[in-house]
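Here is how the chains run, residue by residue.
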Amino acid sequence: MQNTTFPQSLKKGDKIAIISPAGSVEIPQLDKTLELIKSKGYEPILGENLYTKYQNGYSYAGTEKQRINDINWALNDSEISAVWASRGGYGCQHLVQHLNLKEFKKNPKWYIGYSDNTVIQSYLLKKGFASIHGQTIKTSSFGVTEESYELIFDILKGKKLNYKIESNPNNRVGEASGMLVGGNLALVYALLGTQYSFDFTDKILFIEDIGENFYALDRMIMSLELSGVFKKIKGLIIGGMTNMGRETENIEYEESFDSFSYQLIADRVSKYDFLTAFGFPNGHIFDNRPLIIGSNVTMKVGNDVKITF
């Protein structure tokens with residue numbers, strides 16, 4: 001089994017770099033979480049291009065060069081103890097070929113984010129480093145549960161995660177252990193066949209997504225099947241599936257755990273015998289509780305679901 005390096009716990013006064021590796025953000029969108037970071041005793045250090053805007057078919061947080069410079073600064077600066085992405089969106093795929101971990105390897109630090117940041121987290125795990133798949137800085141501007149952030153600070157302080165959630169009719173019961181990989185399904189799918197894709201052998205795979213047509217969701221799940229992913233994994237955890245299909249046709253469009261999406265996935269994986277746990281609170285949803293990519297986890301699926309790190 002691959003050995004994963006976990007960053008050291010943070011202490012009061014430590015500096016957290018705030019960067020925008022993908023989409024652009026507005027100043028008011030980050031203010032609430034930046035104040036929260038300060039209230040926890042940490043010092044947010046803003047990347048040079050945190051609020052930069054560059055239009056090129058999409059509103060990026062700067063040119064590729066600007067975003068590459070910011071992430072490499074954050075990862076390698078010896079005074080920085082963690083790196084927290086302002087948001088996802090699109091753009092992290094531009095960066096992976098240019099990431100520099102020379103100093104990072106001497107002083108590993110937590111990388112925090114989700115959505116498009118799955119690309120960075122897959123890269124880090126390929127290099128042997130764990131990361132936090134959890135809230136970005138921007139997310140608090142439109143409302144999330146307090147636990148979504150508090151649990152991230154718990155991880156930064158070195159606390160272990162243990163989750164217990166309700167059972168779902170689509171679950172497949174049993175117990176399995178393995179390293180947790182995955183994140184946003186669209187990016188897991190986009191990395192298939194590249195050198196930056198996750199190694200799925202004997203792993204527990206987590207997926208979540210937002211805003212996909214049902215046929216696109218099916219296409220991505222089919223690609224995982226055709227790539228042999230489902231023959232390799234030991235367990236599948238499915239998080240938020242929200243804003244799926246067409247808003248005018250899907251009465252569950254605003255729900256966190258869209259039932260048709262869940263049924264579609266359950267049907268596609270029914271031929272396999274790995275454990276499945278639907279309804280985990282992580283993703284583009286109000287209750288987005290962090291997961292540690294690269295951590296060994298045990299999932300027990302029965303009358304309820306327990307996931308321990």
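Residues numbered from 1 in each chain as written. Predicted model: local features only at pLDDT ≥ 70, side-chain atom pairs only at ≥ 80, totals over all residues. Heavy atoms only, no water.

Trainee: Looking at this structure, how should I read the sheet that holds strand β5 (residues 80–85)?
Mentor: Sheets are built from strands paired through backbone hydrogen bonds, the pairs being either parallel or antiparallel. Reading across from one edge, β2-β1-β5-β6-β7-β13 is the order of the six strands in this open sheet, with mixed pairing throughout. What marks the edges here is a single partner per strand, and that holds for β2 (43–46) and β13 (291–293). For this sheet, the mean angle separating the axes of adjacent strands, direction not counted, is 30°. The sheet contact formed by strand β6 (residues 110–113) and strand β7 (residues 131–133) spans two bridges and is parallel. Each residue of the ladder has a partner; that of Gly 113, found in β7, is His 133. (Pairing = 2+ DSSP bridges. Helix = DSSP H or I, 4+ residues; strand = E, 2+ residues; numbered from the N terminus. Axes fitted to C-alpha atoms, helices over the stretch in contact; angles between N-to-C directions.)

Trainee: Please clarify how the nonpolar core should be interpreted in this entry.
Mentor: It is characteristic of soluble globular proteins that their nonpolar side chains tend to be buried jointly. If you look at the biggest cluster of nonpolar residues, it comprises 98 residues, and the most contacted ones within it are Trp 84 and Trp 110. For this core, the leading source of residues is helix α4 (residues 146–156), giving six residues. (Core = buried A, V, L, I, M, F, W, Y, C linked by side-chain atoms within 4.5 Å. Buried < 20%, exposed > 50% of the residue type's maximum accessible area, 1.4 Å probe, protein only.)

Trainee: Before we go on, may I ask you to explain the side chain of Ser 59 in this structure?
Mentor: As for its placement among the helices and strands, Ser 59 is situated in strand β4 (residues 59–60). Taking relative accessible area as the criterion, Ser 59 reaches 18% and is therefore assigned buried. A polar contact of 2.6 Å, which involves the side chain of Ser 59, links it to the side chain of Ser 24. Engagement of the side chain of Ser 59 in a polar contact is seen with the side chain of Gln 55, the distance being 3.3 Å. Those residues within four positions of Ser 59 in sequence are excluded, and the remaining contacts are Gly 23, Ser 24, Lys 53 and Tyr 54. (Polar contact = N/O pair within 3.5 Å; in protein donor to acceptor, adjacent residues only side chain to side chain. Contact = heavy atoms within 4.5 Å.)

Trainee: When you look at the pattern of salt bridges in this model, what are you seeing that I'm missing?
Mentor: Two side chains of opposite charge can pair, provided their charged atoms sit close to one another. For the structure shown, the criterion picks out 13 salt bridges. Residues Lys 11 and Asp 14 are paired through a salt bridge, measuring 3.3 Å at the closest nitrogen-oxygen approach. Asp 14 sits in the buried class, given a relative accessible area of 11%. Here Lys 15 makes a salt bridge to Glu 79, at a shortest N to O gap of 3.1 Å. Taken together, the residues span a long stretch of sequence, with Lys 15 in strand β1 (residues 15–19) and Glu 79 in the loop between α2 (64–76) and β5 at a distance of 64 residues. Judged by its relative accessible area of 25%, Lys 15 falls in the partly exposed class. (Salt bridge = Lys/Arg side-chain N within 4 Å of Asp/Glu carboxyl O.)

Trainee: Looking at this structure, I do not really get unusual backbone geometry. What am I missing?
Mentor: For residues besides glycine, phi is generally negative; the peptide bonds are generally trans as well. A positive phi angle is found at Asp 202, which is not glycine, with a value near 60°. Relative to the assigned elements, Asp 202 resides in the loop between α5 (185–191) and β10 (204–210). Its identity as a non-glycine residue notwithstanding, Asn 243 has a phi of 55°, on the positive side. With respect to the element layout, Asn 243 can be found in the loop between β11 (235–242) and α8 (259–268).

Trainee: Can you walk me through the sheet that holds β10 in this structure?
Mentor: Taking strand neighbours across the sheet as the criterion, the seven strands line up as β8-β15-β14-β9-β10-β11-β12 in an open arrangement whose pairing is mixed. Because the sheet does not close on itself, it has two edges, and the strands there are β8 (162–166) and β12 (275–278). Averaged over neighbouring strand pairs, the angle between their axes works out to 25° when direction is ignored. Where strand β9 (residues 174–184) meets β10, five bridges bridge the pair, whose relative direction is parallel. Residue pairing across strands places Gly 183 opposite Ile 207, the latter belonging to β10.

So far we have only geometry, and geometry alone does not tell us how the molecule works.
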